[in-house]
Amino acid sequence: MIRHIVLTKFKTDVTEETIENIYSGLSELSESLTGAGGFTGGRSNSPEQIERGYMHGFVIDFTDWSALERYQSDETHKALGAKLVQNTIGGIDGILVLDIEV
């Protein structure tokens, strides 16, 4: 299984509603694609408070690398990814992605 972890550093003027809409779209997409699912995401509430500005994040699980590739090449994913980039500090610099085999 591949765990896709994305941390986002949103601009200060981006509303929680906007973030929720993007994350909801990603959740719906992950549930519609074969080999993808288990979307979990939201705002950090860590008592450690060392997010360094990455206050939101999400995780999606994929059965294998092929399933992750299908997700990455999906047009809906590309559109939602563009919205993430548009709303994060520094564009792509406001996004961290880790893909870990678990």
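Here's what I pulled together on the structure shown here.

About the cut-offs
Residues numbered from 1 in each chain as written. Predicted model: local features only at pLDDT ≥ 70, side-chain atom pairs only at ≥ 80, totals over all residues. Heavy atoms only, no water. Helix = DSSP H or I, 4+ residues; strand = E, 2+ residues; numbered from the N terminus. Expected span 1.5 Å × (residues − 1). Buried < 20%, exposed > 50% of the residue type's maximum accessible area, 1.4 Å probe, protein only. Arc of directions from axis to C-beta. Axes fitted to C-alpha atoms, helices over the stretch in contact; angles between N-to-C directions. Parallel < 35°, antiparallel > 145°, perpendicular 65-115°, else oblique. Left-handed = near helix turned anticlockwise from the far one by under 90°. Contact = heavy atoms within 4.5 Å. Nonpolar A, V, L, I, M, F, W, Y, C, P; charged D, E, K, R; others polar. Phe/Tyr/Trp six-rings, centres within 6.5 Å; stacked < 30°, edge-to-face > 60°. Pairing = 2+ DSSP bridges. Salt bridge = Lys/Arg side-chain N within 4 Å of Asp/Glu carboxyl O.

1. Looking at helix 1 (residues 16–32)
Thought 1: Between its terminal C-alpha atoms helix 1 stretches 24 Å, which fits the 24 Å expected from 17 residues at 1.5 Å a residue.
Thought 2: Taken together, the buried positions of helix 1 are occupied by Ile19, Ile22, Tyr23, Gly25, Leu26, Leu29 and Ser30. Along the axis of helix 1, the buried positions cluster into a sector of 150°, meaning they face one direction only. Across helix 1 from its buried face, at more than 90 degrees, point the exposed residues Glu17, Glu28, Glu31 and Ser32.

2. Some details on the packing of helix 1 against helix 3 (residues 75–87)
Thought 1: Remark: helix 1 packs on helix 3, axes separated minimally by 10 Å, with the N-to-C direction vectors making an angle of 155°. By the angle between their directions, the pair helix 1 and helix 3 is classed as roughly antiparallel. For the pair helix 1 and helix 3, the sense of crossing is left-handed. In this structure, helix 1 uses Thr18, Ile22, Tyr23, Gly25, Leu26 and Leu29 to contact helix 3, whose residues at the interface are Thr76, His77, Leu80, Lys83, Leu84 and Asn87.
Thought 2: Across the contact of helix 1 with helix 3, the residue classes break down as six nonpolar, five polar and one charged.

3. Quick look at the packing of aromatic side chains
Thought 1: Scanning all chains against the criterion turns up five aromatic pairs.
Thought 2: Judged by centre distance (5.2 Å) and plane angle (70°), the rings of Tyr23 and Phe58 are edge-to-face. With Tyr23 in helix 1 and Phe58 in strand 3 (residues 56–62), the pair connects residues that are 35 residues apart, well separated along the chain. Phe58 matches Tyr23 in its accessibility class, with the two residues each being buried.
Thought 3: Among the aromatic side chains, those forming a connected cluster through ring pairs are Phe10, Tyr23, Phe39 and Phe58.

4. So, the sheet that holds strand 4 (residues 95–101)
Think of a sheet as strands paired side by side through backbone hydrogen bonds, with each pair either parallel or antiparallel.
Thought 1: Taken together, four strands build an open sheet; the order of strands is 2-3-1-4 and the sheet is antiparallel. Taken across any chain shown, the strands that pair with only one partner, and hence form the sheet edges, are strand 2 (36–43) and strand 4. Taking the axes of each pair of neighbouring strands and ignoring which way they run, one obtains an average angle of 15° across the sheet.
Thought 2: Contacting strand 1 (2–8), strand 2 and strand 3, helix 1 crosses the sheet at an angle of about 170° to strand 2.
Thought 3: Of the strands in this sheet, strand 1, strand 3 and strand 4 touch helix 2 (residues 65–73), which is tilted by about 130° from strand 3.

5. Considerations on the pattern of salt bridges
Thought 1: Summed over the entire model, instances satisfying the criterion amount to three salt bridges.
Thought 2: A salt bridge links Arg3 to Asp61; the nearest nitrogen and oxygen atoms lie 2.7 Å apart. One end of the pair, Arg3, is in strand 1; the other, Asp61, is in strand 3, with 58 residues separating them in the sequence.
Thought 3: Owing to a relative accessible area of 29%, Arg3 belongs among the partly exposed residues under this scheme.
Thought 4: With a closest N to O distance of 3.6 Å, Lys78 and Glu75 form a salt bridge. With Lys78 and Glu75 both in helix 3 and three residues apart, this pair spans about one turn of that helix.
Thought 5: Overall, Lys78 belongs to the partly exposed group, its relative accessible area being 45%.
Thought 6: Note on Glu75: relative accessible area 57%, which makes it exposed.

Worth remembering: the numbers are spatial, not functional.
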